[in-house]
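Here is how the chains run, residue by residue.
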Amino acid sequence: MKKVIVLGSTGSIGTNTLDIIRRHPDKFKVLGLSAFSNAELLSEQIKEFKPRYISIFDKNRYKKIKARGASKIFAGQEGLLKLASNKCDILVMGISGFGALRPLVAALGKAKRLLLANKEAIISAGSILAKKMRSSSTRIFPVDSEAWAVSNLLEGTSLNHINSIYITASGGPFFRKSRNQMRKAGIKQVLKHPVWKMGKRISVDSATLMNKGFEVIEIHRLFEIPVEKIKVLVHPQSVIHAFLEKNNGSLLSSLFSADMKIPIGASLGSPTNHLYVRNLDLSKLKGLDFFKPDYKKFPLLKLAYFVAKSGRSFPAVLVASDEEAVSLFLEGKISFLEISKIIEKVIASHRAKDLNGLEDVFLWQAWAKDKVRQIALKKG
């Protein structure tokens, strides 16, 4: 029986993971769970899965779950690191944003298998994390749909035989909308993703195509594929998640339904015939469309390519400035189109520096967030 720790157990990755685990009580045992502030759902999960360790980031919610039956209950950043440092067979990293960086480092060498659903840590820490992962016994399994599709296509294929990797984007809610319609878009319209049900931050990033830009950098980092070989296609049906184009002209594709249980279940090693996922019925597909992305309409995707090639401190600044700009939008303090304008200004004002350790990453994170606020306030 495999012992599993789920960080971010109340989010979409966490709840999908636990849904798979509850179907296989003979194969998985939940060792630990963590949540940011959703004490109500976390309490329900504690009652059902009876984990030994619990971590709640919001210390104000600590008392609400203290008497829920776990052997050890932690709180705050320190508590999250304690939970991530426990030895286990599988650790699921379902935490979004920079908050996953320290727990990810703490888990290396402790977890035998790490299911990674966080792009920001891999992107921002770059070569620092790459060195730690190469020297660690922990195996990394990306579980966001495009990165997982790419990992499948790369199995048994030498990088020397690859001409290009294509990852697809649905296009988000504004693919067929005008720039003027995007200018008038409110929060509700931005969050209405045509395919996936996701959290607010990633839904906004999908609407700007920033999320696809993050995936370009992520795939470059994880698989050491040159940036110029990673390309993006808009594919509204979201059926094909990645293509691999070989030097001999052949094209391989990875197709599956828009169901996160597929990559999560496969990475957990659960029996695929008991996943209860939405199977893809090819006979019902009306057509498959592919388009080149409009970089003028979605400038953050083009900016991501610049950042990926520039490296050094640029990726950390990009992730942090996007995180802050999206927060300002969700707070109603800036418009949708101002997200990309502000991020472009931050990147334009940055002078790249080498990253010598995690503290440098956090330094540039703080700088970028402060810069975003400065630009937004000056605009106001």
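The structure this text deals with has already been given above.
Remember, predicted model here, so these are calculated numbers, not experimental data.

So, how was this worked out
- Residues numbered from 1 in each chain as written.
- Predicted model: local features only at pLDDT ≥ 70, side-chain atom pairs only at ≥ 80, totals over all residues.
- Heavy atoms only, no water.
- Pairing = 2+ DSSP bridges.
- Helix = DSSP H or I, 4+ residues; strand = E, 2+ residues; numbered from the N terminus.
- Axes fitted to C-alpha atoms, helices over the stretch in contact; angles between N-to-C directions.
- Contact = heavy atoms within 4.5 Å.
- Buried < 20%, exposed > 50% of the residue type's maximum accessible area, 1.4 Å probe, protein only.
- Core = buried A, V, L, I, M, F, W, Y, C linked by side-chain atoms within 4.5 Å.

> Is there a simple way to think about the sheet that holds strand β7 (residues 139–142) in this case?
Two strands in a sheet stick together by hydrogen bonds in their backbones, pointing the same way (parallel) or opposite ways (antiparallel). Across the sheet, which stays open at both edges, the 7 strands sit in the order β4-β3-β2-β1-β5-β6-β7 with parallel pairing between neighbours. Edge strands, defined here as strands with exactly one partner in the open sheet, are β4 (72–75) and β7. Going from strand to strand, the sheet's axes swing by 20° on average, the running direction of each strand aside. In the packing of helix α12 (residues 261–268) onto the sheet, the strands contacted are β1 (2–7), β2 (28–35), β5 (88–93), β6 (111–116) and β7, and the crossing angle to β6 comes to about 170°.

> Would you mind showing me how to read the pairing of strand β11 (residues 251–255) here?
Taken residue by residue, a regular strand's side chains alternate between the two faces of the sheet. Both strand β10 (residues 240–246) and β11 contribute to a ladder of 5 bridges, which runs antiparallel. When the bridges of β11 are listed, isoleucine 240 appears paired with leucine 255.

> Is there a simple way to explain unusual backbone geometry in this structure?
Glycine aside, residues mostly have negative phi, and peptide bonds are mostly found in the trans state. Of note in the backbone geometry, leucine 209 takes a positive phi value of approximately 70° without being a glycine. Mapped onto the fold, leucine 209 is located in the loop between α10 (200–208) and α11 (210–223). Even without being glycine, arginine 312 reaches a positive phi, approximately 55°. Along the polypeptide, arginine 312 turns up in the loop between α13 (299–310) and α14 (314–330). On the accessibility criterion, arginine 312 (42% relative accessible area) is partly exposed.

> Please clarify how the nonpolar core should be interpreted in this entry.
Note on soluble globular proteins: their nonpolar side chains tend to be buried together. Counting 95 residues, the largest nonpolar core has Leu7, Leu91, Met93, Leu318 and Phe336 as its most contacted members. Take this core: its biggest share by element is 10 residues, from α14. Residue contacts for phenylalanine 336: discarding those within four places in its chain leaves Phe174, Met182, Ala185, Val190, Ala207, Thr208 and Phe329. Among the nonpolar cores identified, the runner-up in size contains 28 residues, and Ile20, Phe49, Leu115 and Phe141 belong to it.

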